[in-house]
Amino acid sequence: REALLAYSEAVTVALALRDFAAAAAAVQNRGALAAANGLLTEATRDLEDSLKYAHKISPHYAFEKTLICRSYIELGEVFAQQALRTQAVDALNRAWHLAETDDDLKNFRFWVLRARCRTWLTLQEDNLFKQDLARLNFTADDDDKKAQYAQLEARFVKLRHQDQTRPEAIAETFADQP
């Protein structure tokens, strides 16, 4: 609760200074924290606000581009947790389009693909999962990312051997969120 309040204060200060990059970052972090605590309505509002503020700045630098891309990732995962398939897919496709076409976001592609894989698991989109998992393998360029890749692959196998529509199964897919 304290962290959410601190982010709220940061947003207020940033907006008072008309620093939309800082406002977008703060409200994005508040949204990610809200999502991690199961406050999905608040998370959705915050992540949409993050995009609104981020689009008020010129995305000339990797920071601004990453900010926008991360908002789409977080929003896509929040929508998936709420079983809002169309919105989840749209947000994650926007994130992928940004990351795939912009060299400033080359190092962020892993995170977009990871979010897409997690979402495809939740939405039971096996073909899309397999397609993005193959791409994810090529972007896993360190031991931590390789371990996350292996976890997703193992999660896929496990889910296909149990009832994946159970709420617990869906929650488990997003339980390892940072």
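Residues numbered from 1 in each chain as written. Predicted model: local features only at pLDDT ≥ 70, side-chain atom pairs only at ≥ 80, totals over all residues. Heavy atoms only, no water.

Enquirer: Account for the overall build of the protein chain, with residues named and values stated.
Expert: Across its full length, the protein chain carries nine helices and zero strands. For the protein chain, the α and β elements follow one another from N to C terminus as α-α-α-α-α-α-α-α-α. Expected size for 178 residues packed as a compact globule is a radius of gyration near 16 Å; at 16 Å, the protein chain falls within 12% of this value. Across its three principal axes, the protein chain shows a C-alpha extent of roughly 55 × 35 × 30 Å. Expressed as a percentage of the 178 residues in the protein chain, the buried residues total 46%. In the protein chain, once contacts between residues fewer than 6 apart in sequence are set aside, the share between residues at least 24 apart is 55%. (Helix = DSSP H or I, 4+ residues; strand = E, 2+ residues; numbered from the N terminus. Rg over C-alpha atoms; globule rule 2.2 N^0.38 Å. Buried < 20%, exposed > 50% of the residue type's maximum accessible area, 1.4 Å probe, protein only. Contact = heavy atoms within 4.5 Å.)

Enquirer: How would you explain the packing of helix α2 (residues 20-36) against helix α4 (residues 62-81) if you had to name every residue and give the values?
Expert: The geometry of α2 relative to α4 is characterised by a closest axis approach of 10 Å and an angle of 25 degrees between their N-to-C directions. Judged by the angle between their axes, α2 and α4 are roughly parallel. Regarding α2 and α4, the two cross each other, and that crossing is left-handed. Contacts between α2 and α4 pair Ala 21, Ala 24, Ala 25, Gln 28, Asn 29, Ala 32 and Ala 35 from the former with Phe 63, Leu 67, Arg 70, Ser 71, Glu 74 and Val 78 from the latter. Among the residues forming the contact of α2 with α4, the class breakdown is eight nonpolar, three polar and two charged. (Axes fitted to C-alpha atoms, helices over the stretch in contact; angles between N-to-C directions. Parallel < 35°, antiparallel > 145°, perpendicular 65-115°, else oblique. Left-handed = near helix turned anticlockwise from the far one by under 90°. Nonpolar A, V, L, I, M, F, W, Y, C, P; charged D, E, K, R; others polar.)

Enquirer: Give me the lowdown on unusual backbone geometry, citing residues and values where you can.
Expert: Positive phi outside glycine occurs at Arg 18, with the angle close to 60 degrees. Here Arg 18 is to be found in the loop between α1 (2-16) and α2. Overall, Arg 18 belongs to the exposed group, its relative accessible area being 61%. For Gln 124, which is not a glycine, the phi torsion comes out positive at approximately 60 degrees. Inspection of the secondary structure puts Gln 124 in the loop between α6 (109-123) and α7 (126-139).

Enquirer: Outline the pattern of salt bridges, listing residues and values.
Expert: Any two side chains of opposite charge can pair, so long as their charged atoms come close to each other. Considering all chains together, one arrives at 14 salt bridges under this definition. Here Asp 102 and Lys 65 are joined by a salt bridge, their closest N and O atoms 3.0 Å apart. In this pair, Asp 102 is assigned in the loop between α5 (85-101) and α6 and Lys 65 in helix α4, connecting sequence segments 37 residues apart. Classification of Lys 65 by relative accessible area gives buried; the value is 15%. The partner of Asp 103 in a salt bridge is Arg 109, with the nearest N and O atoms 3.8 Å apart. Since its relative accessible area comes to 64%, Asp 103 is described here as exposed. Look at the salt bridges and you will find they share partners, linking Arg 30, Arg 45 and Asp 46 into a network. (Salt bridge = Lys/Arg side-chain N within 4 Å of Asp/Glu carboxyl O.)

Enquirer: Lay out the packing of helix α3 (residues 40-54) against α4 in plain terms, naming residues and giving numbers.
Expert: Running from N to C, α3 and α4 cross one another at 155 degrees; their axes reach a closest spacing of 9 Å. Comparing their axes, α4 and α3 come out roughly antiparallel. The chirality of how α3 crosses α4 is left-handed. Residues Leu 40, Ala 43, Thr 44, Leu 47, Glu 48, Ser 50, Leu 51 and Ala 54 of α3 form the contact with α4, whose participating residues are Leu 67, Ile 68, Ser 71, Tyr 72, Glu 74, Leu 75, Val 78, Phe 79 and Gln 81.

Enquirer: Break down the packing of aromatic side chains for me, with residues and values.
Expert: Applying the stated criterion across every chain yields a total of three aromatic pairs. Each ring, one from Phe 20 and one from Tyr 53, has its centre 6.5 Å from the other, and the planes form 25 degrees; the classification is stacked. With Phe 20 in helix α2 and Tyr 53 in helix α3, this pair connects stretches of sequence that are 33 residues apart. Per residue, the accessibility class of Phe 20 equals that of Tyr 53, and both read buried. Each ring, one from Phe 110 and one from Trp 111, has its centre 4.8 Å from the other, and the planes form 85 degrees; the classification is edge-to-face. Since its relative accessible area comes to 25%, Trp 111 is described here as partly exposed. (Phe/Tyr/Trp six-rings, centres within 6.5 Å; stacked < 30°, edge-to-face > 60°.)

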